[in-house]
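In case you want the letters, here they are:
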Amino acid sequence: QVQLVESGGGLVQAGGSLRLSCAASGSIFGFNYMGWSRQAPGKQRELVATITRGGNLNYADSVKGRFAISRDSAKNTMYLQMNSLKPEDTAVYYCQIKFTWGDEYWGQGTQVTVSS
């Protein structure tokens, strides 16, 4: 069983930055990828960024060049550095982990609000 706990959300003005953290407890040996998704009110959940076990990075077009995903394997923690934030980035951000055998876990989410 893996538990994911996000932190770092908050209120920021447009153009500002935030760094989200996702701490994983339990063994993550054999994971396929970790990632961040977000869901704004009235919208579907959107996959924002992923990092594979091999270190490959992928981003949604909407955040390319502004967001950076990273992972500290020693701390079992994943990060999302968000720069040049826009009001449309306002959402609840969730971290996730998916294992090669199909199991998937999600965090409880952290609110990010960007004011104009």
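Treat the numbers as computed from the prediction; the structure is a model and nothing was measured. (Residues numbered from 1 in each chain as written. Predicted model: local features only at pLDDT ≥ 70, side-chain atom pairs only at ≥ 80, totals over all residues. Heavy atoms only, no water.)

J.: Residue-level account of the sheet that holds strand E1 (residues 3-7), with values.
T.: If you trace the four strands from one edge of the open sheet to the other, you get E1-E3-E8-E7, paired in antiparallel fashion. Either end of the sheet is taken by a strand with one partner, and the two such strands are E1 and strand E7 (67-72). Shown here is a sheet whose adjacent strand axes are inclined to one another by a mean of 15 degrees, direction ignored. The sheet contact formed by strand E3 (residues 18-25) and strand E8 (residues 77-82) spans six bridges and is antiparallel. Bridge assignment links Cys-22 to a residue of E8, and that residue is Met-78. (Pairing = 2+ DSSP bridges. Helix = DSSP H or I, 4+ residues; strand = E, 2+ residues; numbered from the N terminus. Axes fitted to C-alpha atoms, helices over the stretch in contact; angles between N-to-C directions.)

J.: Quick rundown of the environment of Glu-46? Include the residues and the values.
T.: Its place among the elements puts Glu-46 in strand E5 (residues 46-52). By relative accessible area, Glu-46 is classed as partly exposed at 28%. Excluding residues within four positions of it along the chain, Glu-46 makes contact with Trp-36, Ser-37, Arg-38, Ala-60 and Ser-62. (Buried < 20%, exposed > 50% of the residue type's maximum accessible area, 1.4 Å probe, protein only. Contact = heavy atoms within 4.5 Å.)

J.: For unusual backbone geometry, give the residues involved together with the corresponding values.
T.: Trans is the prevailing form of peptide bonds, just as negative phi is the prevailing case for residues other than glycine. Its identity as a non-glycine residue notwithstanding, Asn-76 has a phi of 50 degrees, on the positive side. Within the secondary structure, Asn-76 is located in the loop between E7 and E8. Under the relative-accessibility criterion, Asn-76 is labelled partly exposed at 23%. The phi torsion at Ser-84 lies on the positive side, around 50 degrees, for a residue other than glycine.

J.: So what about the side chain of Thr-77? Which residues, and what values?
T.: Position of Thr-77 relative to the elements: it lies in strand E8. Within the local environment of Thr-77, its side chain forms a polar contact with the backbone oxygen of Lys-75, the two atoms lying 2.9 Å apart. Contacts of Thr-77, omitting those with residues within four sequence positions, involve Ser-21, Cys-22, Ala-23, Arg-71 and Asp-72. (Polar contact = N/O pair within 3.5 Å; in protein donor to acceptor, adjacent residues only side chain to side chain.)

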